[in-house]
Structures are given as structure tokens and as C-alpha cells.
Amino acid sequence: MINNTLIGKTMEEMETLMVSMNLPKFKAAQLYKWIYNNQVPDIMSMTNLSKPLRDILSRNYELHALKLLKISGSKSSAARKFLFQMTDGSKVESVLMRSGKRVTICISSQVGCALDCKFCATGEMGFKKNLSVGEIVDQVIQLQSYSKERITNVVYMGMGEPFLNYKRVITSAFLLNDKNGFGLGAGRITISTSGIVPAIQQFAEEKQPFKLAISLNASSQSQRISIMPIAKTHSLNSLMKTVSYYIKNTGRKPTFEYVLLDSINDEPADGKRLISLIGKLPCKLNVIPYNEIDGLYKCPPESRIKIFLESLKPAPFMVTVRRSKCT
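The rules behind these values
- Residues numbered from 1 in each chain as written.
- Predicted model: local features only at pLDDT ≥ 70, side-chain atom pairs only at ≥ 80, totals over all residues.
- Heavy atoms only, no water.
- Helix = DSSP H or I, 4+ residues; strand = E, 2+ residues; numbered from the N terminus.
- Rg over C-alpha atoms; globule rule 2.2 N^0.38 Å.
- Buried < 20%, exposed > 50% of the residue type's maximum accessible area, 1.4 Å probe, protein only.
- Contact = heavy atoms within 4.5 Å.
- Areas by Shrake-Rupley, 256 points an atom, 1.4 Å probe, with all protein chains shown as cover.
- Lys, Arg positive; Asp, Glu negative; His and termini not counted.
- Charge placed at Lys NZ, Arg CZ, Asp CG, Glu CD.
- Pairing = 2+ DSSP bridges.
- Axes fitted to C-alpha atoms, helices over the stretch in contact; angles between N-to-C directions.
- Phe/Tyr/Trp six-rings, centres within 6.5 Å; stacked < 30°, edge-to-face > 60°.
- Salt bridge = Lys/Arg side-chain N within 4 Å of Asp/Glu carboxyl O.
- Expected span 1.5 Å × (residues − 1).
- Polar contact = N/O pair within 3.5 Å; in protein donor to acceptor, adjacent residues only side chain to side chain.
- Disulfide = S-S within 2.5 Å.
- Parallel < 35°, antiparallel > 145°, perpendicular 65-115°, else oblique.

Draft legend 1. Main features of the overall build of the protein. From N to C terminus, the protein includes eleven helices and twelve strands. What you see for the protein is a C-alpha radius of gyration of 21 Å, in line with the 20 Å of a compact globule of 327 residues. Seen through its principal axes, the protein has C-alpha atoms that stretch 70 × 40 × 35 Å. The burial tally for the protein puts 50% of its 327 residues in the buried class. In the protein, the proportion of contacts linking residues at least 24 apart, taken out of those at least 6 apart, comes to 64%. Carbon together with sulfur atoms contributes 52% to the accessible area of the protein, which is approximately 15,000 Å² in total. Looking at charge distribution, the protein has the averaged site of its 44 positive side-chain charges lying 5 Å from that of its 26 negative ones.

This is how it looks when you write it as C-alpha cells:
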């Protein structure tokens, strides 16, 4: 009977599995390498494991945690969306994007989201469940199999709030980072949060090696509450203080994400307030013109985007513009 998946297991968990089967621990390293380094399509392809062991694993374990249902976009597209289904029927999306030599994927950490950001389609679903470590990592493994080029960057910016599934997200990031496994540098793994202050504090105290991105999207507390209800619990002031602590404690620069919404947060006055709010914190500000869904909010016309960007020219921090397919 199938009762578990192999993708998502750590080396320690695989060693425990081998011991439970009265096998030497080194077999775990072989299994681990087949899954995360070689990324084999099935258990029977693990040729340096004995046939009896492969048979036992095949009877009791699935390799993958997700079933691919649909791919949107052609192989030559700059961005392709992947729809996956879990064993309970829940669905999540991932996105694969190509830009020059960069191959970036956006992955999900939850089904739905409890934060109810007003401009986000996922928020309309409400919260359904946290993804397991295997369900998170399997998105990367399966997207790599559909990409001709090596994945260079992973961003936790799909469905859900990663820091409300903190332990599993961090465990999955270390599996992707492990040089004996998928082997992606920590600096190429970004975890994005809408501003869960205690989790940012924990992330800073643990000095996690991964990049931190914060979805700011507003230049004042009242504006942030109107589009991101999380600001009622974690105020803009407390968020900025915690980000400042993160910088001091880790020595790393965060990225602020600012989704630009037509006539909501795109006035030159917003740009000036952003400069005052962020001040001299060493960071990067990503301005992201809104990727429209059917709803109240719209992407500003190019003329308003240009004027807003002009207002940010005096900023002492780096400002970039990104057209996003992640959300």
C-alpha cells in the first residue's frame, strides 16, 4: 500500500528509513542522490540499489508528491504555468520564467492563503492547507524536468504565505540548497513574506542564509491596511523595525516588493513617502506593475508608472522594475 512519498525526506529521515529496513545507512545517501541530484523519474531507475530494495520502495512509497495536471504556455514562452494536484485533490500552481541566462521558478507553500490581500487571486480562496516539505520540493524537481536549462533561482512567491508554513519552508529550502542534493546556492533562494513580523524576527535570529523579500505595497499604515489586512496585526512601523533588526543581525540586504496599483499607491507622493519610510536601510526596492486579474484593481498606465519612478530617483537605495508572472 502506498503510504508516503520519498521526495521531501531529509538525509536523516532516509537514514532512519534504511535502518528500519535493516539496511546500512549508506544506502540512504544513494537514495538521496538519486532523488535530489540525479532527479530520476521513478524508483526503478535507481540502478545501484538492489532490485529487492527498489521493489520494496515501490510497493510502499511514491517518488513524487504531486501530479502534474496542466502546463500553460509553449516551450518557447518566457513564462509557463504548471498546475499540480495533491493526493487529497487540492491544487497549486508554479511558474517557470526565462530571462537571458536566468531560469527562475515561483513555487507555492500553501493551498490558498489566510491573509486576504485585496489584489491577490489566491486570497479569494481563503486558507486550505499548508504544503508538506515534499509538496514544496516536488514543484522544483518537476519543473526542472521540463526545463532545458538548469534552474538558477527559486522564489517562494506562489500561492500562500511562506512564513505561515515556516518550518516546512525552511526545511525545503535547505533540501534545495544541499550541495549533495539539488545544489542551489542559498543566495539563489528567496523567501517572500507579506510581513509576518515574528517569523521575520525568527528568520533573523536564526541567521538563515536565504534571501528575504517583503511585500510592502504601501507607503503608509492606513494605505497598507486598506489592501493588506495583515497590517492590522503587524503594523508597518513594527515591520520596518524588524527588517532593520534583520539587516543588523545578518548583514544581508532584503528586497522590498511594491506592487503598483492604479490610483491606489502610484502617486508621486507615495514615492516620496517610500523614500522616507525606507530611509538609508541597505536594500533593493522592486516596483512591480500589477499583473491584472478580474477584479477591482488595475495596472497603472505607462505614463503613471513613469511618473512614479521619477519620484523615486532621489532614493538612496536601488530601485528596479519587474514585470511579474508569479502572482
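Read on, since the account is not over.
Draft legend 2. Structural context of the sheet that holds strand 11 (residues 284-289). Strands sit in the order 1-2-3-4-7-8-9-10-11-12 across an open sheet of ten strands; the sheet is mixed. Single-partner strands in this sheet number two, and they are strand 1 (67-72) and strand 12 (318-321). Each neighbouring strand pair of the sheet contributes to a mean axis angle of 25 degrees, computed without reference to strand direction. Across four bridges, strand 8 (residues 189-193) lies against strand 9 (residues 211-215) in parallel orientation. Residue pairing in the sheet places Ser192 in a bridge with Ala213 of strand 9.

Draft legend 3. Quick peek at the packing of aromatic side chains. Inspection of every chain in the model, using the stated rule, returns eight aromatic pairs. Taking the centre distance of 5.4 Å and the plane angle of 50 degrees together, the rings of Phe163 and Tyr166 count as tilted. Taken as a pair, Phe163 and Tyr166 share a single burial class, namely buried. Geometrically, the ring pair formed by Tyr258 and Phe308 is stacked, given 5.5 Å between the ring centres and 10 degrees between the ring planes. Of this pair, Tyr258 sits in strand 10 (residues 255-260) while Phe308 sits in helix 11 (residues 302-311), placing them 50 residues apart in sequence. Across the pair, Phe308 and Tyr258 agree in class, each one buried. Each residue in the set Phe163, Tyr166, Phe203 and Tyr246 is aromatic and connected to the rest through ring pairs, giving one cluster.

Draft legend 4. Representation of the pattern of salt bridges within the structure. Going through the model one piece at a time under the given rule, you end up with eleven salt bridges. Across the pair Lys51 and Asp55 runs a salt bridge, and its minimum N-O distance is 3.1 Å. You can see Lys51 and its partner Asp55 sitting in helix 3 (residues 51-60), four residues apart, about one turn around the helix. Taking relative accessible area as the criterion, Lys51 reaches 45% and is therefore assigned partly exposed.

Draft legend 5. Representation of helix 9 (residues 236-250) in the model. Look at helix 9: 21 Å from first C-alpha to last across 15 residues, which is about the 21 Å you get at 1.5 Å a residue. All of the buried residues along helix 9 are Leu236, Leu239, Met240, Thr242, Val243, Ser244, Tyr246, Ile247 and Thr250. Gly251 lies just past helix 9 and shows a positive phi near 75 degrees.

Draft legend 6. Layout of the side chain of Glu257. Checked against the element boundaries, Glu257 lands in strand 10. A relative accessible area of 4% places Glu257 in the buried class. A polar atom in the side chain of Glu257 sits 3.3 Å from the side chain of Arg322. Apart from residues no more than four positions distant in its own chain, Glu257 is found in contact with Met157, Ala213, Ile214, Ser215, Leu216, Asn217, Asn286, Ile288 and Arg322.

Draft legend 7. Region of the structure containing the state of the cysteines. Applying the stated criterion to the full structure yields zero disulfides. Considering cysteine sulfurs only, Cys117 is the nearest to Cys120, which forms no disulfide, with 6.2 Å between them. A residue is classified by how much of its surface remains accessible, and Cys120, at 24% relative accessible area, is partly exposed.

Draft legend 8. Up close: the packing of helix 6 (residues 197-205) against helix 9. Across the interface, helix 6 lies against helix 9 with an axial gap of 9 Å and an inter-helix angle of 5 degrees. With respect to each other, helix 6 and helix 9 are oriented roughly parallel. Residue-level contacts link Val197, Ile200, Gln201, Phe203, Ala204 and Glu205 of helix 6 to Ser238, Leu239, Thr242, Tyr245, Tyr246, Asn249 and Thr250 of helix 9.

Draft legend 9. Inspection of the environment of Arg102 at higher detail. Within the secondary structure layout, Arg102 lies in strand 4 (residues 102-106). Look at Arg102 and you get partly exposed, because its relative accessible area is 45%. Along the primary structure Arg102 and Arg150 are separated by 48 residues, whereas in three dimensions their C-alpha atoms are 8.8 Å apart. Non-local contacts of Arg102, meaning those with residues more than four positions away in its chain, are made with Met97, Thr152 and Asn153.

Draft legend 10. Summary view of the pairing of strand 7 (residues 153-156). Every second residue of strand 7 is oriented toward a common face, with Asn153 and Val155 on one face and Val154 and Tyr156 on the other, all of them buried. Where strand 4 and strand 7 come together, three bridges link them in parallel fashion. The partner of Ile105 across the bridge, within strand 7, is Val154. Inspection of the sheet shows strand 7 paired to strand 8 by three bridges, in the parallel sense. Each residue of the ladder has a partner; that of Tyr156, found in strand 8, is Ile191.

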